[in-house]
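Letter by letter, the chains look like this.
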Amino acid sequence: KPRLYSGMQPSADSLQIGNYIGALMQWRDLQDSYDAYFSVVDLHALTQPNDPAELRAKTRRTAAQYIAAGIEPSRSTLYVQSHVSAHSELAWALSTITGFGEAGRMTQFKDKSARYGADATNVGLFTYPVLMAADILLYQTDVVPVGDDQKQHIELTRDLAERFNSRYGQTFTVPTPVIQRDTARIYDLQNPTAKMSKSAESDAGVLWLLDEPAKSAKKIMRAVTDSEGVVRFDREAKPGVSNLLVIYAALSGRQIASIEDEYAGRGYGDFKKGLAEVVVSEFEPVRERALALLDDTAELDRVLAENAGRAASVANRTLSDVYDRMGLLRRV
Ligand code: AQP
C-alpha cells in the first residue's frame, strides 16, 4: 500500500469542526487504501506559548479525538511526534541543506512573524517547515493530505527531498500533496470569510468537537447569515449561509443542491435547526468515545506507546541512512 502521512497540532483542548471535516473525516476514509501515519505534532506546538501541564493534556485529548473520530490505532499508526526522536534529528540534518532565504520565503512564517513582531518570534517558527519536511520524509511518504495553506510547505519538502537525493544518493521518496477540495474548508460562524481555527480570538464562531451538544446547537442558531432569507449556496454574496451548507453537506453526505431544495421557501431558523440536529448527532458519539478514552489515560498512553514503537522502527531506518550518507560516523 502507498504510504500516507498527516498530523495536527495539539493546540487546544478540543478540535474544531474544520479539523474534523477538513482532516479527520478524510483521514478516516483514506485508512483503507493507504499505510497511514497520523501524528499529534506536539513539537510543532512548542512554537506557541504553552503551559506544560496543559500541553500534555491537549496532546492526549487530540490523540483521543483522532481515535474517537475513527482513526484505528490497530490499522493506522497513530502516535505522538515527540515519542519518535528521529523527527528532531532529521529536522537538524535537513536544516543544513535548507537555504536561509528559502525558509524566509514561507508565507506562514512571514504572516506569523509580522503578527508577533521580531522579539516574540522564535527560531522554531522559522524552522517549522523543516521539521514538517522531516515528519513527512522519515516515513518515505507517498501522499500528504493537507489544506491549501500548507501547499508551500509541501513544495519545500519536495525540494529538500530532491536536493538530498541528488546530493547524497536516492534516500527519500518525494511526496505528493493531496490538496483538500475547496468545499472542505470551514469558516468561522461569526466571521464567515475567516477560516475557522482552534486559536480564533472569539469562541462564538467555533464549533468544538468536545463541546456540550446544546452549546453547539446554540452557536449554530446564532451563526451570521444575511437578509435575503433564501437557503442557497453563493460563497461571494452569502458566505455565512454557504458555510452552513458546506457543513451540512459534509456531515450528512448529501449534495448541497438537495439541501437547498429541502429548505426552499423556508426560513433560516428551520435550516439552522436542521443543521444543529445533523451536527449534534455526528458529534455526540465522537464526544462520548473521546471522553471515555480520556477516562483511562493509562490505556491511551499504552496504545500511543505501542504505535510510537511502530513509527520509530520505520523512522529510525530512514534516519540511519541519512546519517550514513551525510558522512556521520556511525557508533559501533
Ligand atoms: N477551517 C478549516 N477548514 C478545513 N480544514 C481545516 N483544518 C484546520 N482548520 C480548518 C485542517 O485541520 C488540520 C489541522 O492542522 P493544524 O492543527 O496543524 O493547524 P491549522 O491548520 O492551523 O488548524 P487550526 O485549527 O487553525 O489550528 P491553530 O489555531 O492551532 O493554528 C489540517 O489538516 C488543516 O488543513
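The chain appears in an unreviewed UniProt entry as Tryptophan--tRNA ligase from Microbacterium hatanonis. According to the UniProt record, the Function (unreviewed entry) comment for the chain is "Catalyzes the attachment of tryptophan to tRNA(Trp)." Listed under Catalytic activity (unreviewed entry) in UniProt, the entry text for the chain is "tRNA(Trp) + L-tryptophan + ATP = L-tryptophyl-tRNA(Trp) + AMP + diphosphate + H(+)".

Concerning helix 7 (residues 123-138)
Over its 16 residues, helix 7 runs 22 Å from end to end, which matches the ideal 22 Å to within 8%, given 1.5 Å per residue. Of all the bends in helix 7, the largest measures some 40° and sits at P129.

Here we look at the site of the ligand
The environment of the ligand is formed by 18 residues, the closest being S11, I186, S197, K198 and S199. Contact distances for the ligand include 2.8 Å between an oxygen atom and a side-chain N or O atom of Q16. Here K198 contributes a side-chain N or O atom positioned 2.6 Å from an oxygen atom of the ligand. Burial of the ligand by the surrounding chains reaches 89%, relative to a free accessible area of 640 Å². Looking at the shell around the ligand element by element, the count peaks at four residues for helix 1 (residues 17-30). For the shell around the ligand, a count of residues per class yields five nonpolar, ten polar and three charged.

A few points about the packing of helix 4 (residues 86-95) against helix 7
For the pair helix 4 and helix 7, the least separation of the axes is 8 Å and the interaxial angle reads 115°. Every pair of crossing elements has a handedness; the one defined by helix 4 and helix 7 is right-handed. Where helix 4 approaches helix 7, its residues A86, H87, S88, L90, A91, L94 and S95 are matched on the opposing element by V130, L131, A133, A134, D135, L137 and L138. By residue class, the composition of the contact of helix 4 with helix 7 is ten nonpolar, three polar and one charged.

What about unusual backbone geometry?
Residues other than glycine seldom take positive phi values, yet Q140 does so here, at roughly 50°. By the secondary structure assignment, Q140 is in the loop between helix 7 and strand 4 (143-146). According to the relative accessible area criterion, Q140 is partly exposed, its value standing at 22%.

Regarding the packing of aromatic side chains
Following the criterion strictly, the structure yields 13 aromatic pairs and no others. With a centroid separation of 5.0 Å and 45° between ring planes, the pair formed by F100 and F126 is classed as tilted. One end of the pair, F100, is in helix 5 (residues 100-104); the other, F126, is in helix 7, and 26 residues separate them in sequence. Taking the centre distance of 6.0 Å and the plane angle of 5° together, the rings of Y248 and F271 count as stacked. Taken as a pair, Y248 in helix 10 (residues 239-252) and F271 in helix 12 (residues 268-295) lie far apart in primary sequence, 23 residues in all. For Y248, a relative accessible area of 4% gives the class buried. Here the aromatic cluster, defined as three or more aromatic residues joined through ring pairs, consists of Y5, Y37, Y79 and Y139.

Scoring rules and cut-offs
- Residues numbered from 1 in each chain as written.
- Predicted model: local features only at pLDDT ≥ 70, side-chain atom pairs only at ≥ 80, totals over all residues.
- Heavy atoms only, no water.
- UniProt positions renumbered as here; feature names shortened; annotations may be inferred.
- Helix = DSSP H or I, 4+ residues; strand = E, 2+ residues; numbered from the N terminus.
- Expected span 1.5 Å × (residues − 1).
- Bend = angle between axes of the 7 residues up to and from the residue.
- Near = heavy atom within 4 Å.
- Polar contact = N/O pair within 3.5 Å; in protein donor to acceptor, adjacent residues only side chain to side chain.
- Areas by Shrake-Rupley, 256 points an atom, 1.4 Å probe, with all protein chains shown as cover.
- Nonpolar A, V, L, I, M, F, W, Y, C, P; charged D, E, K, R; others polar.
- Axes fitted to C-alpha atoms, helices over the stretch in contact; angles between N-to-C directions.
- Left-handed = near helix turned anticlockwise from the far one by under 90°.
- Contact = heavy atoms within 4.5 Å.
- Buried < 20%, exposed > 50% of the residue type's maximum accessible area, 1.4 Å probe, protein only.
- Phe/Tyr/Trp six-rings, centres within 6.5 Å; stacked < 30°, edge-to-face > 60°.

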